Every structure is written in C-alpha cells, then in structure tokens.
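# Structural description and commentary
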Amino acid sequence: GRLDPAAAGLPPVAVVLVEAHLWSRATSTPSGPRVVEHVAGPYVGDVVVVTGEPALRALQAGRLRWQAAVAAGLVHVDGPPGTSERLAALLASATP
C-alpha cells in the first residue's frame, strides 16, 4: 500500500530517521499520496515522527507492533490527540 495521510484523517507526516538525520515527508495530493525523501525537515502543522531505521523496517514488515514501539520509546509522535492511533492504522494499511 501507499502512505496517504489524508486517508487516515491526518495532515502531512514528516519522519526523521535519527541515525542518519534524514527527513521524509508524506503528503496527500489530488493525484494521490506522495512521499518525498531527503527533505530539509517538517513543515509547520506536520505530524512529526521520530524513529530509527531498524524500528521503521520492523514496523513495515509486521515484526513490531505500533503500540509496542511507542511504549518502548522506539517511536515518538508529535501531533494532535489521536495522532498515534491514526498513524498506526495508516501504517497497517500500507504494509503487505
């Protein structure tokens, strides 16, 4: 699947991989979802996700559950109330 923030009721989502200090940003456009890698950082109003590449890969592969990653401090989400739950649903819909 593809990450479409609007499908989960979210604003754009900016993700930083802490090891490499690399930012990516997922947005919704009229032509569908768009992920841009290696952006300078989050935009005002973005949901911000801070994680590491191993945790992100484990989440995408289904080897790590979202709530467990958040509880263990492997993922930190900065956004309005309910953001973490909507991100969990979005990630689940985007994994094979």
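Right above here is the structure, for reference.
Here's a quick rundown of the structure. Along each chain, numbering runs from 1 in the same order as the chain's sequence is written. Thresholds applied to this predicted model are a pLDDT of at least 70 for local features of residues and 80 or more for the giving and counting of side-chain atom pairs; totals over whole chains, interfaces and linings are not thresholded and use all residues. Excluding hydrogens and water, the side-chain values take into account all heavy atoms of the structure.

## Re the packing of aromatic side chains
In this scheme Phe, Tyr and Trp rings, the latter by its six-membered ring, pair at centre separations within 6.5 Å, and the angle between planes marks the pair as stacked below 30 degrees, edge-to-face above 60, and tilted otherwise. Per the counting criterion, the structure on display carries 0 aromatic pairs. The positively charged end of R25 is found above the aromatic ring belonging to Y43, 3.7 Å away from the centroid. A positively charged side chain is recorded as over a ring if its NZ (Lys) or CZ (Arg) lies within 6 Å of the ring centre. The angle to the ring normal must also be within 35 degrees.

## Structural notes on the side chain of R25
Under the DSSP-based scheme used, a helix requires at least four consecutive residues in state H or I and a strand at least two consecutive residues in state E, with every element numbered from the N terminus. Positionally, R25 belongs in strand 2 (residues 22–29). Whether two residues are in contact is decided by their heavy atoms, any of which lying within 4.5 Å being enough. What R25 contacts, discounting residues up to four positions off in sequence, is P12, V13, A14, R34, V35, V36, V39, Y43 and D46.

## A short note on helix 1 (residues 53–61)
Classification of residues uses two cut-offs on accessible area relative to the type maximum, computed with a 1.4 Å probe and protein chains only: under 20% is buried, over 50% is exposed, and between them is partly exposed. Every buried residue of helix 1 is accounted for by A55, A58 and L59. What you see down the axis of helix 1 is that its buried residues fit within an arc of 100 degrees, all on one side. G62 occupies a position one or two residues after helix 1 and carries a positive phi of about 80 degrees. Note: the arc covers the axis-to-C-beta directions of the helix.

## Describing the environment of L17
For L17, the location among the structural elements is in strand 1 (residues 13–17). Note: C-alpha distance between L17 and V50 (33 residues apart in sequence) is 6.5 Å. Those residues within four positions of L17 in sequence are excluded, and the remaining contacts are L22, T51, G52, E53 and L56.

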